[in-house]
Structures are given as structure tokens and as C-alpha cells.
Amino acid sequence: ASLQQIAHLELGRHLGQNADGDSQTEALALLRKVESETRDPVLEESSVVEIARIYMRQKAWGQGAKWWKKVLDHSSWVSARAEAHYQLGACKDRLAQTDEALALYLGTYIHFEENIEWSSRAFLRTALIYRERGDQGKARRVLTDMMERLGHHSHPIVDKARTLHH
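A brief report on the enclosed structure follows. (Residues numbered from 1 in each chain as written. Predicted model: local features only at pLDDT ≥ 70, side-chain atom pairs only at ≥ 80, totals over all residues. Heavy atoms only, no water.)

Helix and strand counts for the protein chain stand at 9 helices and 0 strands. For the protein chain, the N- to C-terminal ordering of α and β elements is α-α-α-α-α-α-α-α-α. Within the protein chain, counting contacts between residues at least 6 apart in sequence, those at least 24 apart form 46% of the total. Carbon and sulfur atoms provide 51% of the accessible area of the protein chain, an area that totals close to 8,600 Å². The averaged location of the 23 negative side-chain charges in the protein chain is 5 Å from the averaged location of its 23 positive side-chain charges. (Helix = DSSP H or I, 4+ residues; strand = E, 2+ residues; numbered from the N terminus. Contact = heavy atoms within 4.5 Å. Areas by Shrake-Rupley, 256 points an atom, 1.4 Å probe, with all protein chains shown as cover. Lys, Arg positive; Asp, Glu negative; His and termini not counted. Charge placed at Lys NZ, Arg CZ, Asp CG, Glu CD.)

Structure, rendered in C-alpha cells:
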């Protein structure tokens, strides 16, 4: 990895966290340059994850889905696997592809239960989707499963689910 690519990745990561569109556009350009030019798998993975995160901040669900899928397509990329599963589900959810979203949410909380940040979100959103569909029984079963697996954690999303469960 060249120092320039590392610098571009870090600058892209920093700029991508800014709310203004110009910074995000500049960040995407830098990160795409790293992604397309690097031969370092760690830099490539990091740049793709950061690109996907920027699209999530922009609420660009189609682009977000494309880049999160790219993360999941590389089985050796593991640093953001739980996040990628959940976020691809969130993109599909926002694009009204609810059945695909549910499958991705299920994969998130089954395979990444220990990653409370993403598994708790996946459990909760799954329960809410079933509730929106009028399937209170399934929603309750998902929340019960969540409480059995994650109820011992002190986490804002677990706490929110706990109030819905009672």
C-alpha cells in the first residue's frame, strides 16, 4: 500500500463524515480512486466500506445496496461483515424489497448475535416489519427470541425492544 493511498483513504473517511454534499462528493472520489487502484486487500475493503457508509448517510439506498453487496461478495472481508449484512437489509427495506430485507436481518442476528450493535437493530426491525404486516404473533416471537439472546445486555436498542415486548 502506498502512503498516498493510505492518506486518500483517511481523508476520504474524514470528509465522508461531513454532512455537506461537496465533502461527501470529494470523499467518494478519493475512496473510489483507492478502491480501483490499490492492490492491498485491507485498503480495498476499507474503501468499499467507507463508500457504502457515505451512501447510507446520503440515503442513496440503491447505491448503498450495491456497495454493501460488494462487501459481502468478498468472503475474506470480515471487518464490517455484520454491519454489511444489516445495512444491505436496511437498503432493501427502504427500497420496499421487504422479503429480501427480512432474510438479511435474519442473517444478521443469527450469524452475528455477538455484535450487539447490528444484531439488536436487525432483531428490532424484523419485529417491527412483522408488526406492520399485522402479524403480531411473529413480531412477539422475534422480540421474545431477542430478549432470550440479548436481554441481559444494557443497550439502547435492547431497551427499546424490551418496552415493546411487555
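Moving on, there is more to tell.
For Lys59, which is not glycine, the phi dihedral falls at a positive 60 degrees. Under the relative-accessibility criterion, Lys59 is labelled exposed at 57%. Phi is positive for Ala96, close to 60 degrees, though the residue is something other than glycine. Tracing the backbone shows Ala96 in the loop between α5 (81-94) and α6 (98-111). (Buried < 20%, exposed > 50% of the residue type's maximum accessible area, 1.4 Å probe, protein only.)

Attention now goes to the packing of helix α3 (residues 41-57) against helix α4 (residues 61-73). Between α3 and α4, the least distance of the axes is 8 Å, while the angle of their chain directions is 155 degrees. Between α3 and α4, the crossing angle belongs to the class labelled roughly antiparallel. Two packed elements cross with a definite hand, and for α3 against α4 that hand is left-handed. Where α3 abuts α4, its residues Val48, Val49, Ile51, Ala52, Arg53, Tyr55 and Met56 lie against Trp61, Gln63, Gly64, Trp67, Trp68, Lys70 and Val71. Here the contact of α3 with α4 is built from residues that sort into 10 nonpolar, 2 polar and 2 charged. (Axes fitted to C-alpha atoms, helices over the stretch in contact; angles between N-to-C directions. Parallel < 35°, antiparallel > 145°, perpendicular 65-115°, else oblique. Left-handed = near helix turned anticlockwise from the far one by under 90°. Nonpolar A, V, L, I, M, F, W, Y, C, P; charged D, E, K, R; others polar.)

Tallying each qualifying case throughout the model produces 3 aromatic pairs. When the ring of Tyr109 is compared with that of Phe123, the centres are 3.8 Å apart and the planes differ by 15 degrees; the resulting orientation is stacked. Placement of the pair is Tyr109 in helix α6 and Phe123 in helix α7 (residues 116-132), with a sequence separation of 14 residues. Each member of the pair, Tyr109 as well as Phe123, carries the same accessibility label: buried. One aromatic cluster is present, built from ring pairs that chain together Tyr86, Tyr105 and Trp118. One cation-aromatic arrangement involves Arg121 over Trp118; the distance from NZ or CZ to the ring centre is 4.8 Å. (Phe/Tyr/Trp six-rings, centres within 6.5 Å; stacked < 30°, edge-to-face > 60°. Lys NZ or Arg CZ within 6 Å of the ring centre and 35° of its normal.)

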